[in-house]
Amino acid sequence: MISKGKLLLIGGSEDRSDTDNEMEKKNRDFIPHEILKLLIQDKNDRIEVVTTASSEPESMRKTYTETFDELGFTNYDFLHLCDQQLHSDHYFKRVEAAKTIFFTGGDQNKICEELKNSSINELILHKYRNEEGFLVAGTSAGAMCMPDIIISDAVNGEAILDEDIKILPGLGLIDHCIVNTHFVHRGRFSRLAHASILHPDHWGIGLGEDTALIIEEGHRAKCKGSGMVLVISAKNIQQTNVSTAEKGEPVYAENLQVHILTDGCSIDFNSGIITTDEAERSKNTTE
């Protein structure tokens, strides 16, 4: 089944009112608020901002209120979904009326614990699969929670050690990826590589800060933003001890593949084919 909605997976620290973005000074292609502008197609589109992952929801509310007002967004509100709200008809109707659901950062485990088996998550899944133009977006933990499996906890180490990672069920919006965020800035290659080696049927998606993948039809993904996305594939791994390593023993792997995507690069998760805007422009010019 081809999903009619879209996903927007953001690596965290997207350009907003409270960020001092180094890329603004260094990257000649930097565009202010480029990522958050993707949240809506029309300024009247309804956005529900879910702050469940955050331990400081009021701070999140203040930050995004300032940024959305600066962008001219007029139709948004905030939901800190937990316990009784998940069974409230009022909150259900708010999600039902939304054009965009946006999960903020914090702790991906909180989002999954609260929402995973809720009627609101079922509604979000239904809208994503069946509603044209519906968008589910998330930044940092809000992006990590979306796949069918998530990195719940892991060690950022110099070596990949057996049993240094914990994988749990996610919200189930996409079933062939594992997502990690703040990927370059926080040195998270080892944890995502480990997750990919353990689950070779899943793509490892390492999202840099102020960078996003927008995914259409459940498999066509395009990179946007000032940083980069690393895509890891363990599909063609040859020698590895991942299934035999004992606790604390380093894991090795031969032929782990890594792709680097930047703004304008696209990947089809079904075929593995990568294309670029530059190549498409060149092709159209020569035809």
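Our subject in this report is the structure included herewith. In this text the structure is predicted, and so the values were computed from the model without any measurement. (Residues numbered from 1 in each chain as written. Predicted model: local features only at pLDDT ≥ 70, side-chain atom pairs only at ≥ 80, totals over all residues. Heavy atoms only, no water.)

## Quick look at the overall build of the protein
Okay, so step 1: Helix and strand counts for the protein stand at 8 helices and 15 strands.
Okay, so step 2: Over its C-alpha trace the protein gives a radius of gyration of 19 Å, about what one expects of a compact globule, namely 19 Å for 287 residues.
Okay, so step 3: Taking the principal axes of its C-alpha atoms as reference, the protein extends roughly 55 × 55 × 40 Å.
Okay, so step 4: Counting across all 287 residues of the protein, residues that qualify as buried make up 51%. (Helix = DSSP H or I, 4+ residues; strand = E, 2+ residues; numbered from the N terminus. Rg over C-alpha atoms; globule rule 2.2 N^0.38 Å. Buried < 20%, exposed > 50% of the residue type's maximum accessible area, 1.4 Å probe, protein only.)

## Side note on the sheet that holds strand E10 (residues 211-216)
Pairing between the strands of a sheet is mediated by backbone hydrogen bonds and can be parallel or antiparallel.
Okay, so step 1: With mixed pairing, 9 strands are arranged side by side in an open sheet as E3-E2-E4-E5-E1-E10-E11-E14-E15. The sheet is open, and its two borders are formed by strand E3 (76-79) and strand E15 (274-276), each paired with just one other strand. Going from strand to strand, the sheet's axes swing by 20 degrees on average, the running direction of each strand aside. (Pairing = 2+ DSSP bridges. Axes fitted to C-alpha atoms, helices over the stretch in contact; angles between N-to-C directions.)

## Describing the nonpolar core
Okay, so step 1: Grouped together as the largest cluster of nonpolar side chains are 63 residues, with contacts concentrated most on Phe-103, Ile-124, Val-136, Ile-205, Leu-213 and Phe-269.
Okay, so step 2: The dominant element in this core, judged by the number of residues it contributes, is helix H5 (residues 119-130), at 5 residues.
Okay, so step 3: Counting 20 residues, the second largest nonpolar core, distinct from the first, contains Tyr-76, Leu-135, Ala-137 and Ile-214. (Core = buried A, V, L, I, M, F, W, Y, C linked by side-chain atoms within 4.5 Å.)

## Focus on the pairing of strand E1 (residues 6-10)
Okay, so step 1: Among the 5 residues that make up E1, 4 are buried, leaving the element largely enclosed by the rest of the structure.
Okay, so step 2: Sheet topology places E1 next to strand E5 (residues 135-139); 5 bridges connect them, and they run parallel. By the bridge assignment for E5, Leu-9 is matched with Gly-138.
Okay, so step 3: Bridge analysis of E1 against E10 gives 5 bridges, and the strand direction is antiparallel. Counterpart to Leu-9 in the pairing with E10 is Leu-213.

## Description of the sheet that holds strand E13 (residues 257-261)
Okay, so step 1: Spatial strand order, E8-E9-E12-E13: 4 strands in an open sheet with mixed pairing. At either end of the open sheet lies a strand with only one pairing partner, and these are strand E8 (177-180) and E13. Sheet twist, expressed as the mean angle between neighbouring strand axes with direction ignored, is 20 degrees.
Okay, so step 2: In this structure, strand E12 (residues 229-233) lies alongside E13, joined through 5 bridges in antiparallel fashion. The partner of Val-229 across the bridge, within E13, is Leu-261.
Okay, so step 3: Across the sheet, helix H7 (residues 189-198) is in contact with E8, strand E9 (203-207), E12 and E13; its angle to E12 comes to roughly 35 degrees. (Contact = heavy atoms within 4.5 Å.)

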